[in-house]
Amino acid sequence: MGSWGTALYSNDTSSDVRDMCNEIYPFVSVEEGTRLILKEYADIVNSDALDNDCADFWFALADWQWKHGILSDEIRDKAISLLEAHTGIEEWEESGSSSDVKKRLEVMDRLLCQLKLPQPPIKIPKSKAAKAKHKPGDIIVFQTCSKNYEYAETVWNIEECGFTDHYTDEVARKLSKKLSPPYEAYEKYMAILCVGTIQEPYSQYLPDIMETRSLYAYYDYINGKEPTLDDLKQCGFLPLNIRYGTDGDSLGKNAWTYTFALFAQGFTKKDGGSEQIISKICCLDENERFHTLISQKYYDKEYILLPELFNAFSDIYDEKVRLELIGVELDNLLNTDKSNPALRTPKEIEKIVANERLEWQRKVDALETSEAYQNADYAERIIMMRALIKEDMESE
């Protein structure tokens, strides 16, 4: 079972059904939404098997529709019949504890009672499709949090820089994966520039529904002083390294890009958050300047989608800080003759990673076949394996 608990939505099927309902019903009629769901889960709907997957699907669909006042008689009756039969409980009896079985039966009984009650008024959830937060030319100036912020250790500082294999040997062998002391950027002013808008499908179930996001570039500005517009007009822009997989484990790309997008919640800040938006300035000339600068280079035109501003900071300054420690500067686009450090091809990186995996497996095999490991009890073996992991990490 793809379950992690006895609760109604503590399994893959039910949680996926709930997510699909939240995605599609804001855009289509109740009838069309139900048709799409039944089509998506046709294997379960058309199967004669009365197993846990069947129960999870119908229970979740009936519960979600009931809570939103749109449950049909047909789906209600189907779910009630399955609930009264305690469908799927056999799998819990086989793989779960007696306590889990009892809890699961209680979940079923509560849902059964609920479905026999009158539904609440119809309440379709609002769309969660992202909308562009800014227009091209908007400059967003923000100040980072202080070290007193509750989660300060997780934002606006660089200590662990990640792997170095995306660089060629000439650069990679000089780079450190850890900064000591860490690079900190608390109570600093920074700025980003909106340089466009991108559209992408909102849901795999509704390919014609698009969501829009603002596209940003990160100013090469970090200072204890709030920047003026004139200050920013003298600044360049900082790059991000873009890498992603296209077919499972393989690396699809390894390139430099200068644009990123943020999730909708990226600018929803409460008092005392990780950063404070100080001001927004509109300057279309800055948007034009960025596109003029980037057009003179041959960097990748794709963007990176990131959750928060501090994620963009981390991606950029992970590279910037450790490169500067070995005397290498990133290209901020202001010098037409400058370029970013050379990068390996995806195939070269895959080969390095494969070799590292083989070397790690060799170390594990050597440990597991050693006399000391063979004579050790379970707890001692765990300690030995942890020591090997620590040793391997420290040697990188």
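A quick note: this is a predicted structure, and the numbers were derived from the prediction, not measured.

### Details of helix α5 (residues 73-84)
In a regular helix each residue adds 1.5 Å, so twelve residues correspond to 16 Å; α5 covers 16 Å between its end C-alpha atoms and thus fits that length. Regarding α5, the residues found buried are Ile 75, Ala 79, Ile 80, Leu 82 and Leu 83. For α5, the angular spread of the buried residues around the axis is 165°, confining them to a single face. Packing partners of the buried residues in α5 comprise α2 (30-40), α4 (52-67) and α7 (98-115).

### Remarks on the packing of aromatic side chains
The final tally for this structure, using the stated rule, is 17 aromatic pairs. Centroid distance Phe 313 to Tyr 317: 4.7 Å. Interplanar angle 25°. Geometry classified as stacked. With a gap of four residues between them, Phe 313 and Tyr 317 both fall in helix α11 (residues 309-325), about one helical turn apart. The class of Phe 313 is buried, set by a relative accessible area of 0%. Taking relative accessible area as the criterion, Tyr 317 reaches 0% and is therefore assigned buried. In textbook terms, an aromatic cluster arises when at least three aromatic residues are bridged by ring pairs, as seen for Phe 142, Trp 156, Tyr 183, Tyr 216, Tyr 218, Phe 260, Phe 310, Phe 313 and Tyr 317. Here Arg 18 stacks its cationic end above the ring of Tyr 9, 4.5 Å away from the centre of that ring.

### Quick notes on the environment of Leu 82
Of note, Leu 82 is situated in helix α5. On the basis of relative accessible area, Leu 82 is assigned to the buried category, the value being 4%. Between the C-alpha atoms of Leu 82 and Thr 292, which are 210 residues apart in sequence, the distance is 64 Å. Beyond its immediate sequence surroundings of up to four residues, Leu 82 is in contact with Leu 50, Cys 54, Trp 58, Phe 59 and Thr 87.

### What to know about unusual backbone geometry
Residue Pro 181 is bonded to the preceding Ser 180 through a cis peptide linkage, with omega at 0°. Despite not being glycine, Trp 156 shows a phi value in the positive range, around 55°. Its place among the elements puts Trp 156 in the loop between β1 (138-144) and β2 (157-160). Unlike most non-glycine residues, Leu 333 shows phi in positive territory, near 80°. Among the structural elements, Leu 333 can be located in the loop between α11 and α12 (346-368).

### Quick notes on the environment of Gln 65
Along the polypeptide, Gln 65 turns up in helix α4. In this structure Gln 65 touches Tyr 25, Thr 34, Ile 70, Leu 71, Ser 72, Ile 75 and Gln 119, once residues within four positions along its chain are discounted.

### Description of the packing of helix α1 (residues 12-24) against α4
Contact geometry of α1 with α4 gives a least axis separation of 8 Å together with a crossing angle of 35°. Handedness of the crossing formed by α1 with α4: right-handed. Residues Thr 13, Ser 14, Val 17, Arg 18, Cys 21 and Asn 22 of α1 form the contact with α4, whose participating residues are Asp 53, Asp 56, Phe 57, Ala 60, Leu 61 and Trp 64. Residues of the contact of α1 with α4, tallied by class, amount to six nonpolar, three polar and three charged.

### Description of the pattern of salt bridges
This structure, assessed with the given rule, holds 20 salt bridges. For the salt bridge of Asp 220 with Lys 320, the shortest nitrogen-to-oxygen distance reads 3.8 Å. Of this pair, Asp 220 sits in the loop between β5 (206-219) and α9 (229-233) while Lys 320 sits in helix α11, and the two are 100 residues apart along the sequence. On the accessibility criterion, Asp 220 (23% relative accessible area) is partly exposed.

### Some thoughts on the packing of α4 against α5
Two quantities define a packed helix pair, namely the angle between the helix axes and the distance between the axes. Between α4 and α5, whose axes approach to 9 Å, the crossing angle comes to 130°. Between α4 and α5, the angle is such that the two are oblique. The two elements α4 and α5 cross, and the hand of that crossing is left-handed. Along its contact with α4, which presents Cys 54, Trp 58, Phe 59, Leu 61, Ala 62 and Gln 65, the element α5 presents Ile 75, Lys 78, Ala 79, Leu 82 and Leu 83. Classifying every residue of the contact of α4 with α5 by side-chain character gives nine nonpolar, one polar and one charged.

Calculation notes
- Residues numbered from 1 in each chain as written.
- Predicted model: local features only at pLDDT ≥ 70, side-chain atom pairs only at ≥ 80, totals over all residues.
- Heavy atoms only, no water.
- Helix = DSSP H or I, 4+ residues; strand = E, 2+ residues; numbered from the N terminus.
- Expected span 1.5 Å × (residues − 1).
- Buried < 20%, exposed > 50% of the residue type's maximum accessible area, 1.4 Å probe, protein only.
- Arc of directions from axis to C-beta.
- Contact = heavy atoms within 4.5 Å.
- Phe/Tyr/Trp six-rings, centres within 6.5 Å; stacked < 30°, edge-to-face > 60°.
- Lys NZ or Arg CZ within 6 Å of the ring centre and 35° of its normal.
- Axes fitted to C-alpha atoms, helices over the stretch in contact; angles between N-to-C directions.
- Left-handed = near helix turned anticlockwise from the far one by under 90°.
- Nonpolar A, V, L, I, M, F, W, Y, C, P; charged D, E, K, R; others polar.
- Salt bridge = Lys/Arg side-chain N within 4 Å of Asp/Glu carboxyl O.
- Parallel < 35°, antiparallel > 145°, perpendicular 65-115°, else oblique.

Interpretation note: all reported values are geometric properties and have no functional meaning in isolation.
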